[in-house]
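Structural features, examined
The lines below spell out each chain.
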Amino acid sequence: MTVAPDLPPPGRMWQRWATLSAALTAIGVDDTWTVGEPGAHHDDGGGNWAHLTLVEGGRAVLYGFDHEYSATLEAEPPIDLLADAPAWLPWETLVDHAAQDQLGYALWYADGRWTRAAYPEGVDDGLTQTAGPVLTDQAAHAELIDIVFEWGHHAVDTPAERTRVAAAAERLLHDFTPEALNELLEPLPTFDAYAGLAVAKRAGLLPGTTAPQAPQGTRPPRRTVRKLSETEHDRLIWSAMHDEPERDRPTPIPTGELGALITWLRGRSPAGDGRCSLLAYADGTSVSARDGDHPPAENPEEGNFEAFRHLSTLIRRLREAEADTTHGRWLFLRVETTATGAEVERRYDSWPPWWEDNGRSGPWRTNLRAEIDERSAEWQPSWAKLLLPEVAYRPVE
């Protein structure tokens, strides 16, 4: 199913994009709003981007991604942004972005209207966050003013100067000429009008020039789309870990690292009687700990961060000391100390009942994959095959 969003024609969007690019390039910023043969591109430098391509035949495609606001990537069930999309799109590029979970939205323009895949109500796609300045004249106008005062560091910021810059921005936005560009940027200490005009020429804003158009693309005979969201994939693995039986392994030989951890816990017995509990998860990258029945007491001489840093070091050292080249390292650890002894439980394969599962957070798949890959085949749990990325995808023809 598709919908027809209310967006400006691609030609108008392209004109705003190119105007911003020309003004920014003139003041030495040539990597934020850009235009050229591949199309018009915006990159905020933080991994968020938008791209507009004009396609022959009066068509266009607009696509992009915002790692904070493109909630389309987190929707359950997953959204196929390219479902029912036309054959002339730049499919190779779009499929590549989608395969990397870097496609938050994709819209296409033909026969006088924009179209995109339908989303559930309330799901944001990141379009306004990444392409907002070119979606309306007001937004583009405000961006041009910011280019002068914020990007260009204009030293004179008075109401009268604001009015003058606003009028110059209005003229440039609706009638791009070398004179209008100079009028907008003339109060800045340095700018390169020729660099800005080169952008305008490349974008087709100047008389005798035309905007570049891409040839139509070809729909691939086969592609893959998500059948599980990131969270659904995680839950699948976590559920399998709950059901996994723990394999019998030799109990690790007591080490000095185990003694150091037990001593640390006894020293923080909340009742002062040697009883203390530790519940922990660890892998090659992360360590986390939760309270048991007798959580370690706070030490007034050290803050919480320092205490956790020390505890994390003890856990990592024990895990490495008990590592086995065949059956690997444990993932979960429970230690219960008393004044004279200690009970230690290790889980290599399964999610223990004493480690709460809230359904939203758990071991990262990439970390689990790194751990399992280090074990010999006979010591790998049955859920290891669920770690493969292709588990979350299905073929589409």
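Here, every reference points to the structure presented above.
Now for a quick tour of the structure. (Residues numbered from 1 in each chain as written. Predicted model: local features only at pLDDT ≥ 70, side-chain atom pairs only at ≥ 80, totals over all residues. Heavy atoms only, no water.)

Some details on helix 5 (residues 159-174)
As a reminder of what qualifies: Helix and strand definitions here come from DSSP, where helices need a minimum of 4 consecutive H or I residues and strands a minimum of 2 consecutive E residues; each element is numbered from the N-terminal end. Expected helix span is taken as 1.5 Å per residue step, with the number of steps being one fewer than the number of residues. Burial status follows relative accessibility: with a 1.4 Å probe on protein chains alone, a residue under 20% of its type maximum counts as buried, one over 50% as exposed, and anything between as partly exposed. Relevant arc is that of directions from the helix axis to the C-beta atoms, nothing else. Any two residues whose heavy atoms approach within 4.5 Å at even a single point are treated as in contact.
End to end, helix 5 covers 23 Å across 16 residues, agreeing with the expected 22 Å (1.5 Å per residue, within 8%). Burial in helix 5 covers these residues: Glu161, Val165, Ala166, Ala168, Ala169, Leu172 and Leu173. Down the axis of helix 5, the buried side of the element spans an arc of 170 degrees, and every buried residue falls inside it. Exposed residues pointing more than 90 degrees away from the buried face of helix 5 are listed as Pro159, Ala160 and Thr163. Buried positions along helix 5 lie against helix 1 (10-26), helix 4 (137-151) and helix 6 (178-185).

Digging into the sheet that holds strand 5 (residues 59-65)
Put simply, the rule reads: Each pair of strands is called paired provided DSSP finds at least two bridges between the two strands.
Spatially, seven strands are ordered 1-7-6-5-4-3-2 in an open sheet, and the strand pairing comes out antiparallel. Looking at which strands have only one partner, the edges of the open sheet turn out to be strand 1 (2-3) and strand 2 (33-36). Pairing of strand 2 with strand 3 (residues 39-43), which is carried by four bridges, proceeds in the antiparallel orientation. Bridge pairing links Gly36 to Gly39 in strand 3.

Comments concerning the layout of surface pockets
Applied cut-off: Put plainly, a pocket is an open set of points on a 1 Å grid over the protein atoms alone with protein on both sides within 12 Å along at least five of seven lines, a cavity is a set where a 1.4 Å probe fits but cannot get out, and a lining residue has an atom within 4 Å of a point. Grid points are joined across faces, edges and corners, and a volume is the space filled by probe spheres set on the points. Here the term charged refers only to Asp, Glu, Lys and Arg, the term nonpolar to Ala, Val, Leu, Ile, Met, Phe, Trp, Tyr, Cys and Pro, and the term polar to all other amino acids, Gly among them.
Size it by volume and the largest pocket reaches roughly 320 Å³. Along its surface, the largest pocket is lined by 18 residues, and Trp264, Pro296, Ala307, Phe308 and Leu311 are the ones closest to its centre. If you tally residues by element for the lining of the largest pocket, the top one is helix 10 (residues 304-321), at four residues. Counted by class, the lining of the largest pocket contains nine nonpolar, four polar and five charged residues.

Focus: the packing of aromatic side chains
Quick reminder of the rule: Centres within 6.5 Å are what make two rings of Phe, Tyr or Trp a pair, Trp counting through its six-membered ring; a difference in plane orientation under 30 degrees is then read as stacked, over 60 as edge-to-face, and the rest as tilted. Two limits define a charge over a ring: the Lys NZ or Arg CZ must be within 6 Å of the ring centre, and within 35 degrees of the ring normal.
Counted according to the given criterion, the structure contains seven aromatic pairs. The rings of Trp238, Tyr281, Phe332, Trp351 and Trp355 are connected pair by pair, giving a single aromatic cluster. Seen from the ring of Tyr119, Arg116 lies directly overhead, with NZ or CZ sitting 3.8 Å from the centre. Directly above the aromatic system of Phe149 lies the positively charged group of Arg162, at a separation of 3.9 Å from the ring centroid.

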